[in-house]
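# Report on the structure
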Amino acid sequence: MKSLPYFCRGEVVRGFGRGSKELGIPTANFPDSVVDNLPADISTGIYYGWACIGNGDVYKMVISIGWNPYYKNTKKSMETHVIHKFKEDFYGQTLSVVLVGYIRSEKSFPSLEDLIAAINSDIEEAKVKLELPEHIKLKEDNFFTSTTNSSPVSSSSAASTSQSIINGH
Ligand code: ADP
Ligand code: MG
């Protein structure tokens, strides 16, 4: 995917109460404006990357990009699970993310246990892959320190020479 790494940010909005938090895997939802800006080559599925809330620390994350059943599958959604235990919810705050790599396509699972097991395995894969030197570099990207301007932005790797080099093209 030529658009990786892909940087974007937006306000955390309410999801559709699918009980992600009750499963121990809360997912912070982006508004439609962020989802609608996704480049065409970023296909649906699960990705790993880095995330930060407001001007806070940068943490590892997994993000699911998929078709939202609430809108009869006409609308894509982007849901980020930040791999960190937060004391409080952060609805209304700015979530900044960089999608670094692709883990797998979307699929349905025979049971809730299977779904949870798959997500936990995605989280483990993210933790390991993000330790690669070229991925750790993105954690330090200026993008994460420039959130004082909290207006939503998105950009693909083409915007930055250094990211293009990482991508190898
Ligand atoms: P919703 O359906 O509103 O998205 P969730 O059960 O998915 O509800 O919970 C998501 C919310 O939980 C986020 O919007 C955020 O405010 C909060 N939250 C707390 N910890 C995390 C985390 N580690 N990753 C993502 N969201 C978190
Ligand atoms: Mg959610």
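To be clear, the structure that these remarks concern was listed above.
Report follows, based on the coordinates.

About the thresholds
- Residues numbered from 1 in each chain as written.
- Chains lettered and ligands numbered in written order.
- Predicted model: local features only at pLDDT ≥ 70, side-chain atom pairs only at ≥ 80, totals over all residues.
- Heavy atoms only, no water.
- Helix = DSSP H or I, 4+ residues; strand = E, 2+ residues; numbered from the N terminus.
- Contact = heavy atoms within 4.5 Å.
- 1 Å grid on protein atoms, 1.4 Å probe; cavity = no way out; pocket = protein on both sides within 12 Å on 5 of 7 lines; lining within 4 Å.
- Points joined across faces, edges and corners; volume = space filled by probe spheres on them.
- Nonpolar A, V, L, I, M, F, W, Y, C, P; charged D, E, K, R; others polar.
- Near = heavy atom within 4 Å.
- Polar contact = N/O pair within 3.5 Å; in protein donor to acceptor, adjacent residues only side chain to side chain.
- Areas by Shrake-Rupley, 256 points an atom, 1.4 Å probe, with all protein chains shown as cover.
- Sits in = over half its atoms within 2 Å of the grid points.

## As for the environment of Lys 129
Along the polypeptide, Lys 129 turns up in helix α2 (residues 112–129). What Lys 129 contacts, discounting residues up to four positions off in sequence, is Tyr 48 and His 135.

## Looking at the layout of surface pockets
The volume enclosed by the largest pocket comes to roughly 660 Å³. Arg 18, Ser 64, Glu 79, Leu 115 and Ile 119 are the residues nearest the centre of the largest pocket, which is lined by 26 residues in total. In terms of residue count, strand β4 (residues 58–67) provides more of the lining of the largest pocket than any other element does, five residues in total. Its residues assigned to classes, the lining of the largest pocket comprises 11 nonpolar, nine polar and six charged.

## Some details on the site of ligand 1
Near ligand 1 there are 19 residues, and of these Gly 15, Asn 29, Val 82, Phe 90 and Tyr 91 occur at the shortest range. With respect to ligand 1, the backbone of Gly 15 contributes an N or O atom lying 2.8 Å from an oxygen atom. Residue His 84 places a main-chain N or O atom 3.0 Å away from a nitrogen atom belonging to ligand 1. Against a free-state accessible area of 560 Å², the protein chains account for coverage of 93% of ligand 1. Comparing atom positions with the cavity grids shows ligand 1 to sit within the second largest pocket. Of all the secondary structure elements, the ones that give two or more residues to the shell around ligand 1 are β2 (28–29) and β5 (76–82). Tallying contributions element by element places β5 first for the shell around ligand 1, with three residues. Partitioning the shell around ligand 1 into residue classes produces eight nonpolar, eight polar and three charged.

Read these as geometric descriptors, not functional statements.
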